[in-house]
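Residue-level listing of the chains:
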Amino acid sequence: MSDNFFRLNLIDGEWQASAAGQWFDKAEPATGERLCQVTASTPADVDAAVAAARRQFDGGAWSQLPGAARGRLLNRLADLLEAKAEDFAQLLAREQGRALMEMRMLDVPMAIDTLRYFAGWADKLEGRQIPTAGFMGRPTFNYTVREAVGVAALIVPWNAPLMIGAWKLGPALAAGCTVVVKPSEDAPLALSALAALAAEAGFPPGVINVVQGLGPAVGRALTTHPGVDKISFTGSTVVGRQIAAEAGPLFKRLTLELGGKAPQIILEDAVLEQAIGGCAMGLFVDQGQTCAAGTRILVHRSRYEAVLQALAGAARSLQLGDPFNPATQMGALISERHAQRVRSHIDAARQAGAQMLAGDEAVPERGFFVRPTIFGGVTPDMAIAREEVFGPVGVVIPFDSDDEAVALANDSAYGLSATLWTQNLTKAHSLAARLKVGAVAINGWSPLDARLPWGGGKDSGVGRDLSRAALDGYLEEKVVTVVM
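A brief structural summary. For clarity, every value in this text was computed on a predicted model and none was experimentally measured. (Residues numbered from 1 in each chain as written. Predicted model: local features only at pLDDT ≥ 70, side-chain atom pairs only at ≥ 80, totals over all residues. Heavy atoms only, no water.)

### Side note on the environment of Val181
Of note, Val181 is situated in strand E7 (residues 178–182). A relative accessible area of 3% means that Val181 is categorised as buried. Considered as a pair, Val181 and Ser232 are 51 residues apart in the sequence and their alpha carbons are 9.8 Å apart. Not counting chain neighbours up to four residues away, the residues in contact with Val181 comprise Leu154, Val156, Leu169, Leu191, Ile208, Asn209, Val210 and Val211. (Helix = DSSP H or I, 4+ residues; strand = E, 2+ residues; numbered from the N terminus. Buried < 20%, exposed > 50% of the residue type's maximum accessible area, 1.4 Å probe, protein only. Contact = heavy atoms within 4.5 Å.)

Right, dumping it as structure tokens:
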């Protein structure tokens, strides 16, 4: 999948470079070398993409399609993606630097499943009939219809572009919206390739538009555009706040899935082998570059030393390298800029007195690699225990009671997800109810599924991706009253 179109914009069915003639380099994370050049759009390109989406929504072929037809198109897109699953896995591994096995096992299968799940909803967007006492002595017949909100701006992060892109495209298209997709400049190719498949599936031109470019210029032009009705953004809390501040006065509907500092709580009765393996996965999948990364390992004091040493051993044993090497267990970080940011967190933690038990081992000579790192001797007030690192860095902190574990877990600006490791299901349910997060997993880290709502509170954002809850974010309810 080396089609040069994927580095261009897709506007109203046409692949095109920005009229400004500017380009930016996209590096291959595992080598540090230039992978391709991508068109750098301007607000004028955003205007054209939004206009194309608006034409289709307001009176184009898409506006006339019944839900069943939208569902068939989504299912056809899922079938095409499944047929090219290996091509997409390899494209993702190259542009993200992640191990190919992760793409095959996680990202591509979930993208396919998500599209099929929302395809099933497209013809089930039912209203309701509401009885009332009437109006001025006359009976009324009242019913509601659920309508698409309009043009949706879908701003997709670099850490899982295909999977999260499907999380946003699925409900938006099932609801009947048209979309303008803004891929991250660090992962621009896979989403464009998916848009090309959508055209092959039969989506009318202008339903799915893709605008490449740098976030400060293109993203802001999109989120403040008067022709955009809905914004769905996944990314940092800092940018999410900016979007909320700018979109609020325009009364745009928002879904913001932002940062995290997820706790993984290992209770005294946990099966350690299971808990350590699960915690390692939660720490190191996607090189720790996930909002749900379980980077705060809270351990009952009686198991603290065993968990600390086991996680450090697991970190030291991981093989870093070429994403296409079957022996590779962890790939590179997305960019040198991001790798430097992660290293600065590690350096600051050491200077603050945290004890590094893993992380000093050698990394490949080329590429943007950071060793998986484990810290002990961490206090809850240290920056490394409070700030989102977005890299393969975990801290292990002891606790003495269940109440203390809950207090430590909730003592965070974030509220996205948490994991509990215990054999006592009564206790698990009790503690899950007390955790101030949007998703709690018990004896398994972050088991994502298209049928389960995903999102959080506090600095982790507002609204939900996935499930019926995501679909609701792209629909408005209209009431019709007939006075009899």
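### So, the pairing of strand E15 (residues 393–399)
By the criterion of burial, E15 is predominantly enclosed, with seven of the seven residues buried. Burial along E15 is two-sided: the residues Val393, Val395, Ile397 and Phe399 and Gly394, Val396 and Pro398 are all buried. Sheet topology note: the strand E12 (residues 296–300)/E15 ladder contains five bridges and is parallel. Pairing of Leu298 across the sheet is with Ile397, part of E15. As judged from the three bridges shared by strand E14 (residues 373–376) and E15, these two strands associate in the parallel manner. Within the sheet, the bridge partner assigned to Ile374 lies in E15 and is Gly394. (Pairing = 2+ DSSP bridges.)

### Topic: the state of the cysteines
Tallying each qualifying case throughout the model produces zero disulfides. Take Cys291: it sits in no disulfide, and the sulfur closest to it among the cysteines is that of Cys279, at 17 Å. (Disulfide = S-S within 2.5 Å.)

### Quick word on the sheet that holds E15
The seven strands are arranged E13-E14-E15-E12-E11-E17-E18 in an open sheet whose pairing can be described as mixed. Every interior strand has two partners, whereas the edge strands, strand E13 (355–358) and strand E18 (439–442), have only one. Within this sheet the neighbouring strands show an average axis-to-axis angle of 25°, counted without direction. Of the pairings in the sheet, the one linking strand E11 (residues 263–266) to E12 comprises four bridges and is parallel in character. (Axes fitted to C-alpha atoms, helices over the stretch in contact; angles between N-to-C directions.)

### A word on the pattern of salt bridges
Applying the stated criterion across every chain, the model contains 32 salt bridges. Among the salt bridges present, the one from Glu147 reaches Lys478, with a minimum N-O distance of 3.0 Å. Within this pair, whereas Glu147 is found in strand E5 (residues 140–148), its partner Lys478 is found in strand E21 (residues 475–483), the two being separated by 331 residues in sequence. The shortest N-O distance in the salt bridge between Asp360 and Arg350 comes to 3.2 Å. With Asp360 in the loop between E13 and E14 and Arg350 in helix H12 (residues 336–351), this residue pair connects regions lying 10 residues apart in the sequence. The class of Arg350 is partly exposed, set by a relative accessible area of 41%. (Salt bridge = Lys/Arg side-chain N within 4 Å of Asp/Glu carboxyl O.)

### Regarding a nonpolar patch on the surface
The grouping of Met101, Met105, Leu106 and Met281 at the surface amounts to a nonpolar patch, some 370 Å² of accessible area in total. Looking at the nonpolar patch element by element, the count peaks at three residues for helix H5 (residues 100–119). Relative to the helices and strands, Leu106 is located in helix H5. (Patch = residues over 30% accessible without salt bridge, like charges linked within 9 Å, V, L, I, M, F, W, Y side chains within 5 Å. Areas by Shrake-Rupley, 256 points an atom, 1.4 Å probe, with all protein chains shown as cover.)

### Side note on the environment of Thr419
Within the element layout of this structure, Thr419 appears in strand E17 (residues 417–421). Overall, Thr419 belongs to the buried group, its relative accessible area being 3%. Between the C-alpha atom of Thr419 and that of Arg343, which follows or precedes it by 76 residues, the distance is 26 Å. Contact partners of Thr419, with chain neighbours within four places excluded, come to Pro263, Gln264, Ile265, Ala441, Gly444, Trp445 and Ser446.

### Things to note about the packing of aromatic side chains
The final tally for this structure, using the stated rule, is six aromatic pairs. Each ring, one from Tyr117 and one from Phe118, has its centre 4.9 Å from the other, and the planes form 80°; the classification is edge-to-face. For Tyr117, a relative accessible area of 16% puts it in the buried group. The buried category is assigned to Phe118, whose relative accessible area is 0%. Aromatic pair Trp158 and Phe390: ring centres 5.5 Å apart, planes at 85°, arrangement edge-to-face. Taken together, the residues Trp158 in the loop between strand E6 (151–155) and helix H6 (161–175) and Phe390 in the loop between E14 and E15 connect sequence positions 232 residues apart. Since its relative accessible area comes to 17%, Phe390 is described here as buried. An aromatic cluster of at least three residues, connected via ring pairs, comprises Phe5, Phe6 and Trp15. Its end group placed over the ring of Tyr474, Lys230 keeps NZ or CZ at 4.8 Å from the ring centre. (Phe/Tyr/Trp six-rings, centres within 6.5 Å; stacked < 30°, edge-to-face > 60°. Lys NZ or Arg CZ within 6 Å of the ring centre and 35° of its normal.)

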